[in-house]
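Examination of the molecular architecture
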Amino acid sequence: MSSTCFLNNVAGFISCPVGLRKYGKPVVAAKFIKPSACLGVSVQVAEPKKELELGLKSKELIEAEAKYLVGTYARTPVVLSHGKGCKLYDMEGREYLDLTSGIAVNALGHGDVDWIGAVTSQANTLTHVSNVFYSVPQVKLAKRLVETSFADRVFFTNSGTEANEAAIKFARKFQRCTHSGHESPPTGFIAFTNCFHGRTMGAVALTSKEHYRSPFEPVMPGVTFLEYGNAQAARELILSGSIAAVFIEPIQGEGGIYSATKEFLQSLRSACDEAGALLIYDEVQCGLGRTGYLWAYEAYGIVPDIMSLAKPLAGGLPIGAVLVKERVAAAIKHGDHGSTFAGGPLVCHAALTVLDKISDPAFLSSVSQKGEHFKQLLRQKLGGNKHVKEVRGQGLIIGIELDVMAKPLVDTCLLSGLLVLTSGKGNIVRLVPPLTVSDEELGQAAEILSKCLPSLDGSSSS
């Protein structure tokens, strides 16, 4: 092994070759230390790469994707092969610190030992039976979700958008049952600016960004978009008697890491109670420990009638859930809704492991502490930059708002071994790492972001 350590000038890493992986490429171990602490070994300062060099296998796979898959995704030109903890590796052996966690999905990181054990043991026992029959993991998971939340009952789906579709149907059916003597029960919905509720036809009708909806119009009618936080406008419309339910994210993820105020949610709750409308929280991205609370609504103390969940629940396997109060569940009868795959033994057993680990008070406390520490680091290291307007968020769902588009920064971070996302109108860097991320890894991420900020100079304003 060479005695020379290579200091990545952008990322602030010392990297030394440590062997080969199954793809035959060297994988480097990265440890964040100050440039002066290279253990007495000579240091070569590397210039930031202009672009990632792809091997033949990666190029062939990217070409095959373009040939065989429908072109719905503008993918980052990286072929990821494996991961462990908060690290991902591409087919060329490069290591990346993952602050995307599969878009807030891999809450326990990659390759969690307990999660792998749960999946493999259940796969060896029973994987799928459909909802024609009973299965043990599904009932156990429903019981745990009820015990840890406001809800009385659960309906399982396969994704967040399916959970919101179910919530739409449940709200409509609830209103029909409670207005049985009326010819026209309320059927309208309220959603808010910057919101994102999914891409299926009902959920996309509730999503505010027009470019998601317009290619598929006409979408479901009856949705009114109001300004996020405008309590007076929402109250007036709810009390008009035309609204079946109000959909809101307590913290908007895709929309830009905007948090509702307690006063706003309390106003919605009061108006819904007065008018007989339902309050629906979409916690697909912000729920299940992401904020440092098990459920994001717990920070406000204001409970919904329905809540949708998905992303992190099964640790990377597809699952969604709709949690409801008894009065909502009472309106739903056999055959009103269903799913072939939802609530299968494999995904539910995996979800039980995820829920048990995340719901531990010590785990949740660590998320809160790490989130506050990370925000302080980011404000310290980035706050003086002319392009950084604000660092915000709760727990480990954090946004860095810029006055320019974020893509140059995201791309430069990629070249420096850090994976981050955008949100909002493209001017916000979204940070949603695995909840198991260490303080050291968060320090590495803050350092990389700081060193990559010059990439924003000359960028167009947002």
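Note that this is a predicted model, so its numbers are computed, not measured. (Residues numbered from 1 in each chain as written. Predicted model: local features only at pLDDT ≥ 70, side-chain atom pairs only at ≥ 80, totals over all residues. Heavy atoms only, no water.)

1. Focus: empty space enclosed by the protein
All told, the structure shown has 2 cavities of 30 Å³ or more when counted by the stated rule. Lining of the largest cavity is provided by 13 residues; of these, Ser-130, Asn-131, Gln-138, Gly-343 and Gly-344 occupy positions nearest its centre. Across the lining of the largest cavity, the residue classes tally to 5 nonpolar, 8 polar and no charged. Considering only enclosed or pocket space, the second largest cavity measures out at about 30 Å³ in volume. As for the second largest cavity, its lining consists of Glu-283, Val-284, Gly-287, Leu-288, Trp-295, Leu-309, Ala-310, Pro-312 and Leu-313. Of the residues in the lining of the second largest cavity, the class split is 7 nonpolar, 1 polar and 1 charged. (1 Å grid on protein atoms, 1.4 Å probe; cavity = no way out; pocket = protein on both sides within 12 Å on 5 of 7 lines; lining within 4 Å. Points joined across faces, edges and corners; volume = space filled by probe spheres on them. Nonpolar A, V, L, I, M, F, W, Y, C, P; charged D, E, K, R; others polar.)

2. Here's the deal with the packing of helix 3 (residues 113–123) against helix 11 (residues 345–358)
Interaxial distance between helix 3 and helix 11 falls to 9 Å at its minimum, and their mutual angle equals 155 degrees. Here helix 3 is positioned roughly antiparallel relative to helix 11, judged by the angle of their axes. Every pair of crossing elements has a handedness; the one defined by helix 3 and helix 11 is right-handed. Contact residues: Asp-114, Trp-115, Ala-118, Val-119, Ser-121, Gln-122 and Ala-123 in helix 3; Pro-345, Leu-346, His-349, Ala-350, Thr-353, Val-354 and Lys-357 in helix 11. The residue inventory of the contact of helix 3 with helix 11, partitioned by class, reads 8 nonpolar, 4 polar and 2 charged. (Axes fitted to C-alpha atoms, helices over the stretch in contact; angles between N-to-C directions. Helix = DSSP H or I, 4+ residues; strand = E, 2+ residues; numbered from the N terminus. Parallel < 35°, antiparallel > 145°, perpendicular 65-115°, else oblique. Left-handed = near helix turned anticlockwise from the far one by under 90°. Contact = heavy atoms within 4.5 Å.)

3. Some words on the pairing of strand 7 (residues 95–98)
Of the two faces of strand 7, the one carrying Glu-95 and Leu-97 and the one carrying Tyr-96 and Asp-98 are both buried. As judged from the 3 bridges shared by strand 6 (residues 87–90) and strand 7, these two strands associate in the antiparallel manner. By the bridge assignment for strand 7, Lys-87 is matched with Leu-97. In this structure, the hairpin formed by strand 6 and strand 7 is closed by a connection of 4 residues, where Gly-93 is found at a positive phi of approximately 90 degrees. (Buried < 20%, exposed > 50% of the residue type's maximum accessible area, 1.4 Å probe, protein only. Pairing = 2+ DSSP bridges.)

4. Focus on the nonpolar core
It is characteristic of soluble globular proteins that their nonpolar side chains tend to be buried jointly. If you look at the biggest cluster of nonpolar residues, it comprises 94 residues, and the most contacted ones within it are Leu-145, Phe-192, Leu-268, Ile-358, Leu-378, Ile-400 and Leu-431. When residues of this core are assigned to their parent elements, the largest contribution, 9 residues, is made by helix 11. Phe-155, Ala-167, Met-220 and Ile-306 belong to the second largest nonpolar core, which has 29 residues in total. (Core = buried A, V, L, I, M, F, W, Y, C linked by side-chain atoms within 4.5 Å.)

5. What to know about unusual backbone geometry
The peptide bond linking Glu-217 to Pro-218 adopts the cis configuration, its omega dihedral lying at 5 degrees. Following the sequence through the fold, Pro-218 ends up in the loop between helix 7 (210–213) and strand 10 (223–226). Even without being glycine, Ser-130 reaches a positive phi, approximately 75 degrees. The residue Ser-130 is located in the loop between helix 3 and helix 4 (136–147) in this model.

6. Points about the side chain of Glu-441
Mapping Glu-441 onto the fold places it in helix 14 (residues 439–452). Lys-87 is the oppositely charged side chain nearest to the buried, salt-bridge-free Glu-441, at an N-O distance of 4.2 Å. Apart from residues lying up to four places away in sequence, Glu-441 is in contact with Cys-86, Lys-87 and Leu-97. (Lys, Arg positive; Asp, Glu negative; His and termini not counted. Salt bridge = Lys/Arg side-chain N within 4 Å of Asp/Glu carboxyl O.)

7. As for helix 5 (residues 160–178)
Under the 1.5 Å per step criterion, the end-to-end length of helix 5 is 27 Å for 19 residues, consistent within 8% with the ideal 27 Å. Among the residues of helix 5, Gly-160, Thr-161, Ala-163, Asn-164, Ala-166, Ala-167, Ile-168, Phe-170, Ala-171, Phe-174 and Gln-175 are the ones counted as buried. One side-chain oxygen of the residue at the start of helix 5 lies 3.3 Å from the amide nitrogen of Glu-162, identifying that residue as Ser-159. (Expected span 1.5 Å × (residues − 1). Polar contact = N/O pair within 3.5 Å; in protein donor to acceptor, adjacent residues only side chain to side chain.)

8. Details of the sheet that holds strand 20 (residues 421–423)
Within a sheet, adjacent strands bond to each other through the backbone by hydrogen bonds, running parallel or antiparallel. Here we have 4 strands laid out as an open sheet, ordered 17-18-21-20, and antiparallel in their pairing. Two strands lie at the open edges of the sheet, namely strand 17 (388–394) and strand 20, each paired on one side alone. On average, adjacent strands in this sheet sit at an angle of 30 degrees to one another, irrespective of strand direction. Note that strand 20 and strand 21 (residues 428–431) share 3 bridges and pair antiparallel. What sits directly across from Leu-421, in strand 21, is Arg-430.

9. What about helix 14?
If you check helix 14, its first and last C-alpha atoms are 20 Å apart, about what 14 residues at 1.5 Å a residue would give, namely 20 Å. Every buried residue of helix 14 is listed here: Glu-441, Leu-442, Gly-443, Gln-444, Ala-445, Ala-446, Glu-447, Ile-448, Leu-449 and Cys-452.

10. A few points about the pairing of strand 18 (residues 397–402)
In terms of burial, strand 18 is largely enclosed, as 6 of its 6 residues are buried. Side-chain alternation along strand 18 places Ile-397, Gly-399 and Glu-401 on one buried face and Ile-398, Ile-400 and Leu-402 on a second face that is also buried. The pairing of strand 17 with strand 18 spans 6 bridges and is antiparallel. Bridging across to strand 18, Gln-394 finds its partner in Ile-397. Alignment of strand 18 against strand 21, held across 4 bridges, turns out to be antiparallel.

11. Details of the packing of aromatic side chains
The final tally for this structure, using the stated rule, is 8 aromatic pairs. On the basis of an interplanar angle of 75 degrees and a centroid distance of 6.0 Å, the ring pair of Tyr-228 and Phe-264 is categorised as edge-to-face. In this pair, Tyr-228 sits in the loop between strand 10 and helix 8 (231–238) while Phe-264 sits in helix 9 (residues 262–275), placing the two residues 36 residues apart along the sequence. Of the residues examined, Phe-264 reaches a relative accessible area of 3% and is grouped as buried. An aromatic cluster is built from Phe-150, Tyr-281 and Tyr-297, whose rings are joined through pairwise contacts. (Phe/Tyr/Trp six-rings, centres within 6.5 Å; stacked < 30°, edge-to-face > 60°.)

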